[in-house]
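Structural overview
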Amino acid sequence: LPPPSYPPAAPLPPPSYPADAPLPPPSYPPPYPSTSSSMRRALLADFLDNDGTEDTFIGVDSWGSSFRQTEDFWEFQGSRKVLQESNSSDPLSPPPANLSIQVSVEAVSVPQLPVLNPNQDPVLFWGLMLPGRPETLQQVPYNATGSTVRGALRDATGSDPNAVISSSTFRAGGYMATQWTVAWNWWDDPAYELQVVPGQEMGQLGHKVILQTVANRSTPITGSIEMAFGTGCGTVKIDLDNDGPLMVAEKLGSLQSLEGGPLKVYKSGNARVGYDFTIRFDPVTTPGNLPLLRVAGIDDMTGDNLQAHVTLQSNGSTDIFLGPIPTELLRLPVSTPNTLGVQINSIPTACTSPDGPGSCTFAYDEGSTPSITSLSTTTLQFESATTAELTITGEGFNADPSLNRVMLDATPCNITAASTTSITCFITDKTPGGTRELSVYVDNLGFAAPNNQEVQVKTAFVSDVSPKVLHANGESAQYSTFTMVMVVGKGFDPNCTRNVLSIGGQTCGIVACSTSSITALFPGNGTSADNLDVTVMVMDKRGEVRDMYTLADSGVHQREDEVTSIAALLSPSQVSGAGTTLMLQLSPNASANSVVGLGLWPDLDPEMLDGGIWESYSGLLKFRGDDLYASEDAVMDSSPSLPNAVYRPVVFMEDGTTLVYTAPITARTAITSLSPAAGSIGGRTMLTIAGTGFSEVPDENVVVIGVPTSTTFLNGVILCDVTEASATQLTCVTRPHLAAQASANDPMARNTMPAPTPPGDVQVVLCDAGLNDVLKFECWSDSENGRSACEASVCTFEYADSLTPKVGSISPARALVGQEVTIS
């Protein structure tokens, strides 16, 4: 390039302040003294704003010392003053090649700041902890290794992450940063929420610590898969969670042309990583070239990105019948009954004992077999006790308790006393209920006979039910008030599908359960009654009752009147997905001031309480309560954004009672039209979206457009910035689609280029106001936030090359100030 033309150098005016003007003492503790030094040649510079406020600029001079500048006095020698207000986050453009600019700095008196020396100075720390739990705070060095961060996470949460990957220091915009990526184990349920804070020294130096979720784990796979055989019409449903290999084989055997069923079924995997079923058929009972099993449907499966397929591992064959006859089929008869047979490398052996063939025999001897003659009880029931005792009477036991073993199926019975004729043992109330097979093993002798003794274990027990007064729901009311009931006891199944709860003969809808409690909805049966029977049945995986307990004289009453209930829905039943004000009228005997919160329960079918309502209960939205207001007999509160669904109002009372009203409330956010359907790759296309359920606050509507996944757009969406909003229409401005894929030549994917896209789905997500781009994407990824459905023929937008203005040439390529430039 030719040398640039600059005006002659002009002398610099003297500074407008004393050369040794004192500065405030720095906010750093000793041992760093505040000294005076002259400014030297600068290696690192930046523009300072000129708004009259004190600004701090920290740089490093050529000798490694630090300096601090607190006034706007930088000038280029021989040119005018160039200080101007600028955004410090904007990247600095490099100077043209071969351009040399000499910088002159007036000398001032400044305090010397510390230079960090990793071998001598203290290490900067940041902290991590569980939100609201300061006792879990762990200090972590700013340059910690992955193993150090993993140890801190383990100490803070009590759980060890699956992995912590630490990256080397890299440039993130205008900062140097270290990144740690944490992967939690899928069995940590729920995944831990964390809070990070900078240490005091880091805060003083302006350093930051940022925490963000990169990706949420997939939801567990549940439900059933529908299978068919070849082109046959018949299908069977395989329950992924509950059907074991035997049940799968039985179901497949019911298909036409598979009456013999599989020879063997192997099941592996779990709800987090997926399930594999390996199925083997017998070429004798199911001869011929069998067609493949076929996946007939996965509509009853739930999870993320579900797929199911059948592959052929190997073909069956009857070639074995054409091969050599195995040697064990050609052995001569033995001369002595019960002679043992041994094979070495599949080769049969012969008995060559000097004592003759009789020394290689084994016989089952009744005199050497322990026997069971009676049991103290065939039913072990715990109720309020924690252990149950069993005494076994018989012969041939060992007097040493440690040489006997008593089992109820796979559960050991703990032996407390033993003799040659009796064994006393106990089991705990943690033993699964149901019919259990008893077995007694004596060392050096074997199992006692008979070995088919059965003992009924009754672990289920109900100790308490709350609340004690439930709403009966008379026939006259249009809508009903269901009462949430808590049943406390033991012996329940943590799998809610295997518990059945009835109160007063009325089946309840179970929403949550553990081994010691069941939470359920009581619908009422329309009549008042006292001391309702409370019955819990625990089922096995085949749907048969394995344990049951009934609490009679429970103290639980059902009332039509004189009980708190919800009388009416006062707010609209059709609401916006942006949120609504829910207003409910309570019964005359209820106090609205006793209400501590409101909520909405999605997808609850009051007519199907036994149809798995625990799944919908997980989506229960409890309002924050910021706008909770109660009058004499009414209560109201504002809801968050609502996903499209049919909801039922929920009232939380001060005494712990939860009431559910069956009146439906429908929330709907939808796009009915979108224009234009295509625009410039360079962005700034004005997109008009018509529909229903939008927020009237522009910043609470997040509009995303689907684009091809790339290193630039890892989520496959790009934001459209909302400028105007009403309940029925949004206006947003598209952003440029400049994308790149990382490669060996561009590992950081910085060489972005304009790229057209196919039509991508446009979606409106309802979020909190004031979010930055990162938090907008987090809101978009959260399925609990309300979002639009498409009710138009097309809800897509594409970045089109044909609609993008293009610059072909610029003339001249360089110009003086004021000279005309032509762009074509």
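About the thresholds
Residues numbered from 1 in each chain as written. Predicted model: local features only at pLDDT ≥ 70, side-chain atom pairs only at ≥ 80, totals over all residues. Heavy atoms only, no water. Helix = DSSP H or I, 4+ residues; strand = E, 2+ residues; numbered from the N terminus. Contact = heavy atoms within 4.5 Å. Areas by Shrake-Rupley, 256 points an atom, 1.4 Å probe, with all protein chains shown as cover. Disulfide = S-S within 2.5 Å. Buried < 20%, exposed > 50% of the residue type's maximum accessible area, 1.4 Å probe, protein only. Polar contact = N/O pair within 3.5 Å; in protein donor to acceptor, adjacent residues only side chain to side chain. Pairing = 2+ DSSP bridges.

Some words on the overall build of the protein chain
Of the regular secondary structure elements, the protein chain holds 5 helices and 63 strands. Partitioning the contacts of the protein chain with sequence separation of at least 6, the portion at a separation of at least 24 is 60%. Of the accessible surface of the protein chain, which amounts to about 47,600 Å², a share of 52% is contributed by carbon and sulfur atoms.

Comments concerning the state of the cysteines
Scanning the model with the defined rule gives 5 disulfides in all. In this model C413 forms its disulfide with C425; the gap between the sulfur atoms is 2.1 Å. With the S-S dihedral at roughly 95°, the linkage between C413 and C425 falls on the right-handed side. Of this pair, C413 sits in strand 26 (residues 411–418) while C425 sits in strand 27 (residues 422–428), placing them 12 residues apart in sequence. The same class applies to C413 as to C425, namely buried. Two residues, C790 and C795, share a disulfide whose sulfurs are 2.0 Å apart. Because the torsion about its S-S bond is 90°, the bridge between C790 and C795 counts as right-handed. Residue class for C790 comes out partly exposed when judged on its relative accessible area of 46%.

Details of the side chain of S710
By the secondary structure assignment, S710 is in the loop between strand 54 (701–706) and strand 55 (717–725). Reaching out from S710, the side chain makes a polar contact with the backbone nitrogen of F713 at a distance of 3.1 Å. Discounting chain neighbours no more than four positions away, the residues touching S710 are A739, A740 and Q741.

Some words on the pairing of strand 61 (residues 796–800)
Among the 5 residues that make up strand 61, 4 are buried, leaving the element largely enclosed by the rest of the structure. In this structure, strand 59 (residues 760–766) lies alongside strand 61, joined through 2 bridges in antiparallel fashion. Bridge assignment links D761 to a residue of strand 61, and that residue is T796.

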